[in-house]
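One letter stands for each residue in the lines below.
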Amino acid sequence: MRFFVASTLLAAAAAFAPAPRSAPLRSATSALDASKCGEYDFDVIVVGCGVGGHGAALHARAQDLATAVFSGQDVGGTCVNRGCVPSKALLAASGRVREMQAESHLSEFGIKVDGEVTYDRQGVADHAKQLANRVKGNLEGSLVALGVDIVDGRGVLTGKPHEVKDESSGKVYTAKDIILAPGSVPFVPPGCTVDEKTVYTSDGALELQSVPEWVAIVGSGYIGLEFSDVYTALGSEVTFIEALPNIMPTFDKEIAKLAERLLIRERPIDYRTGVFASEITPGIPGEKPVTIKMIDAETKEHVETLEVDAAMIATGRVPNTDNMGLEDAGITTSRGFVATNEKMQVLASHEDDTVIPGVWCIGDANGKMMLAHAASAQGISAIENICDRPHEVNHDAIPAACFTHPEIAMVGPTEEQAIERAEKEGWTLGKSQGSFRANSKALAELEGNGMAKVLYNKDTGKVVAVHIMGIHAADLIQECANAVAAGTTVQELSMMVHTHPTLCEVLDEAFKGAVGMSAH
């Protein structure tokens, strides 16, 4: 690889190296008393203890900064307690059920299952809850071990610089820098009544209180797709209700087309597009159905009423910034989102780029990229900037994944967005593909459905984006994200050796194809 790539990586590593320690780490119970912050109680206060807040706190302690976290009695936040972590447990369990019930698929392996494959709903739900609790305990333990003070109450700004108040006790704490990391909550559209029993958000769905015979999912993004995977594996029929003209509208169109074939057409799923769920009324399990009234997204005329056993609202998330004292601190939000610059410094508003001194915001609340690992990266970046080491997160290099069976993963813009970007910036877009159908490892797993698409700048050779659908796509995408982050070219990647036989050779095929080479 060229020298400038190596030097860039070395510089990045040095930037994240711990600062020299002038004193040993303080215990969680003594950090406040032992603070070297002069007029402040702490160097850094983090408001919120999700993945972003946790990442910021860990990096702050690595820099020997006296640190407190306001957890709001929610260590781990949405990701650990009501999102990424427990949903993966449900997907893992339901995926096993789907696989073991697929007799024709198993027969190709020479495997036969005698008797009916069943599952215990409560056991599956308990698996998800136990995993969440275990990860939550690990996160809290890591904070205590590194000497982070954990304040159980919810933190709110007082309106005075450097102050955060414990909403529960009323006690005020001070810090030189305050990082806002309150996360987000499910968005429920007007007209939708949620009881978290028959009409629920992802919060209620993760408890798996029942497996409905017929469930409507409002929204066909990451969350809706993953839960359709869970429900159909456990025996439900699913109807998607999507307001936009196409199903899976946020995905790359080519990937969405393939996903429609593999994840929808081959399963007991149908969908309505171009309609709003204008009114959803909860039912009574076993007695009264859930009623969903739908209107045309453009004309707003009533088009259909569905009666289903349950409805899941998967229409995205909104910042959890209400009643945080932001207005008192001179911060004006837009739909709840806090404006920040690329260094994560809070701005007065989205129209006023005046920096609010000593206040930072990371994660879902700033709306830059609503992913847990993006929040963590932003938290680390904020600490770097607090330590006077300028740093900005490259959001184009942050991967994302949808953990369906098979998985979908991506880094960088969609092909449609890349075409627009190339036209605007004056460069030529290149495209190369690899297929799971030609991959020995995928064929050995009988998982030949899928593709990897590499988008690159023909003028420089640099990788712009990669989109993958196929077995273990979520793991395969990391190589591509690293390439985007490091500015690696397809010429360089085409000469790198990939283990044989492995799934990553799908990418090798695409990289080689970009420079006119063939992969065996």
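Residues numbered from 1 in each chain as written. Predicted model: local features only at pLDDT ≥ 70, side-chain atom pairs only at ≥ 80, totals over all residues. Heavy atoms only, no water.

**Thoughts on the packing of aromatic side chains**
Right, so step 1: Evaluated as defined, the whole model comprises three aromatic pairs.
Right, so step 2: Aromatic pair Phe 227 and Tyr 231: ring centres 6.2 Å apart, planes at 40 degrees, arrangement tilted. Of the two residues, Phe 227 and Tyr 231 both sit in helix H9 (residues 222-233), four residues apart, roughly one turn of that helix. Pair check on accessibility: Phe 227 and Tyr 231 agree, each one buried. (Phe/Tyr/Trp six-rings, centres within 6.5 Å; stacked < 30°, edge-to-face > 60°. Helix = DSSP H or I, 4+ residues; strand = E, 2+ residues; numbered from the N terminus. Buried < 20%, exposed > 50% of the residue type's maximum accessible area, 1.4 Å probe, protein only.)

**Concerning the sheet that holds strand E23 (residues 463-470)**
Right, so step 1: What the five strands build is an open sheet, ordered E19-E20-E23-E22-E21; its pairing is antiparallel. Of all strands in the sheet, those bounded by a partner on one side alone are strand E19 (400-402) and strand E21 (429-435). Across this sheet, the average inter-strand angle for adjacent strands is 10 degrees, counted without regard to direction.
Right, so step 2: Looking at chain direction, E19 and strand E20 (residues 407-411) are connected through three bridges and run antiparallel. Its bridge partner lying in E20, Ala 400 is registered against Met 410. (Pairing = 2+ DSSP bridges. Axes fitted to C-alpha atoms, helices over the stretch in contact; angles between N-to-C directions.)

**As for the confidence of the model for the protein**
As a general rule, the predicted coordinates of low-pLDDT regions are not to be interpreted in detail.
Right, so step 1: With 93% of its residues at a pLDDT of at least 70, the protein reaches an overall mean of 93.
Right, so step 2: Below pLDDT 50 for its whole length, residues 1-35 participates in 56 contacts with residues either more than four positions away or in separate chains. (pLDDT = per-residue confidence, 0-100. Contact = heavy atoms within 4.5 Å.)

**A few points about the side chain of Thr 321**
Right, so step 1: Examined against the element boundaries, Thr 321 turns out to sit in the loop between strand E16 (317-319) and strand E17 (345-347).
Right, so step 2: A distance of 2.7 Å separates the side chain of Thr 321 from the backbone oxygen of Gly 336, its partner in a polar contact.
Right, so step 3: Look past the residues within four positions of Thr 321 in its chain and what remains in contact with it is Pro 182, Leu 326, Gly 336, Val 338 and Ala 365. (Polar contact = N/O pair within 3.5 Å; in protein donor to acceptor, adjacent residues only side chain to side chain.)

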